[in-house]
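For reference, the chains in residue letters:
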Amino acid sequence: MFGGKKKESDTEDEHLNVTRYKPERLETLCKATNFSKQEIRLMYQGFKQECPSGVVSEDAFKEIFSQFFPQGDATQYAHYVFSTFKHFSRSSSLNFEQFINLLSSLSRGPVTEKLKWIFDLYDINGDGFISKQEMLHIVSSIYEMLGHYTEPVVHEHSAKEHVERIFHQIDANQDGLISFEEFKDWCQKDENRSKSLFQLDTVM
């Protein structure tokens, strides 16, 4: 399963001219992440089931992501999430190591690391700042993804009202842009803010 002898299926792939990505050895992945061997084995089984080639493209990622949010449209939010992944992988697809390294950072990494990922998600153009328009794009995509299951129930103007309410609170120097320091300071003033962001809660 993890970088060892060739299996019969691998030989068949070679005859069929199918390129399959082989992940690092299990011990190496354990050292590089905060996951146990058993957790990595389970994640790899799921990953291979959804992505037999060993890599995931943006379209495949959108399909997988949408399965978790059937009540809404997760396409746009999945695009933004995958874009942050691509920033780390420097390619148009993700392999298993990149996938679990990111999962490790997001689920078990230090708070600052998690906040940086969320900040990068909102910083769509990658200029190091979050504009009000960028925040609106992300918040709108979250509302679309959660559909009618948001609390309180969303309506047509919910995303814009949400951004108007929250943007100026985070923008401490009121220059119309949110820096990472401003974002981090705002989140760390209230633990519930960080938790809600990690849980994809629409109420910051």
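Residues numbered from 1 in each chain as written. Predicted model: local features only at pLDDT ≥ 70, side-chain atom pairs only at ≥ 80, totals over all residues. Heavy atoms only, no water.

Q: What is the right way to look at the overall build of the protein in this model?
A: A count of helical and extended segments in the protein gives 11 helices and four strands. The burial tally for the protein puts 39% of its 204 residues in the buried class. Sequence separation of at least 24 residues holds for 60% of the intrachain contacts in the protein that already meet a minimum separation of 6. Accessible surface for the protein amounts to roughly 11800 Å². Of this, 51% is attributable to carbon and sulfur atoms. (Helix = DSSP H or I, 4+ residues; strand = E, 2+ residues; numbered from the N terminus. Buried < 20%, exposed > 50% of the residue type's maximum accessible area, 1.4 Å probe, protein only. Contact = heavy atoms within 4.5 Å. Areas by Shrake-Rupley, 256 points an atom, 1.4 Å probe, with all protein chains shown as cover.)

Q: Explain the packing of aromatic side chains here, please?
A: Centre-to-centre distance and the angle between the planes together describe a pair of aromatic rings. On inspection of all chains with the given rule, the structure shows 11 aromatic pairs. Between the aromatic rings of Phe61 and Phe85, the centroid separation amounts to 5.6 Å while the plane-to-plane angle is 70 degrees, which identifies the pairing as edge-to-face. In this pair, Phe61 sits in helix H4 (residues 58-67) while Phe85 sits in helix H5 (residues 75-89), placing the two residues 24 residues apart along the sequence. On the accessibility criterion, Phe61 (7% relative accessible area) is buried. Relative to Phe183, the ring of Phe119 has its centre 5.8 Å away and its plane inclined at 55 degrees; by these criteria the two rings are tilted. Of the two residues, Phe119 is situated in helix H7 (residues 111-122) and Phe183 in helix H10 (residues 180-188); the sequence distance between them amounts to 64 residues. Summarising the burial analysis for this pair, Phe119 and Phe183 share the class buried. One aromatic cluster is present, built from ring pairs that chain together Phe61, Phe65, Phe69, Tyr77, Phe82, Phe85 and Trp117. The ring of Phe180 carries Lys116 above its face, with NZ or CZ at 5.9 Å from the centroid. (Phe/Tyr/Trp six-rings, centres within 6.5 Å; stacked < 30°, edge-to-face > 60°. Lys NZ or Arg CZ within 6 Å of the ring centre and 35° of its normal.)

Q: Would you mind showing me how to read the nonpolar core here?
A: If you look at soluble globular proteins, the nonpolar side chains tend to sit buried side by side. Counting 47 residues, the largest nonpolar core has Ile40, Phe61, Phe65, Tyr77, Tyr122, Met135 and Phe183 as its most contacted members. The element best represented in this core is helix H8 (residues 132-146), accounting for seven residues. (Core = buried A, V, L, I, M, F, W, Y, C linked by side-chain atoms within 4.5 Å.)

Q: What exactly am I supposed to notice about the environment of Ile166 here?
A: Mapped onto the secondary structure, Ile166 falls in helix H9 (residues 158-170). Its relative accessible area of 2% is what places Ile166 among the buried residues. Between the C-alpha atom of Ile166 and that of Lys132, which follows or precedes it by 34 residues, the distance is 9.8 Å.

Q: Would you explain the environment of Asn95 in this entry?
A: Within the secondary structure layout, Asn95 lies in strand S2 (residues 93-95). Its relative accessible area of 13% is what places Asn95 among the buried residues. Sequence separation between Asn95 and Ser57 is 38 residues, and the spatial gap between their C-alpha atoms is 9.2 Å. In terms of polar contacts, Asn95 uses its side chain to reach the backbone amide nitrogen of Gln98, at 2.9 Å. (Polar contact = N/O pair within 3.5 Å; in protein donor to acceptor, adjacent residues only side chain to side chain.)

Q: Would you mind going over helix H3 (residues 37-50) with me for this structure?
A: Since the α-helix turns once every 3.6 residues, residues separated by three or four places project in the same direction. Over its 14 residues, H3 runs 20 Å from end to end, which matches the ideal 20 Å to within 8%, given 1.5 Å per residue. Among the residues of H3, Ile40, Tyr44 and Phe47 are the ones counted as buried. Viewed along the axis of H3, the buried residues span an arc of 65 degrees, placing them on a single side of the element. Relative to its buried face, H3 has exposed residues pointing more than 90 degrees away, namely Leu42 and Gln49. The inward-facing, buried residues of H3 contact helix H2 (26-32), strand S1 (55-57), S2 and helix H6 (96-108). (Expected span 1.5 Å × (residues − 1). Arc of directions from axis to C-beta.)

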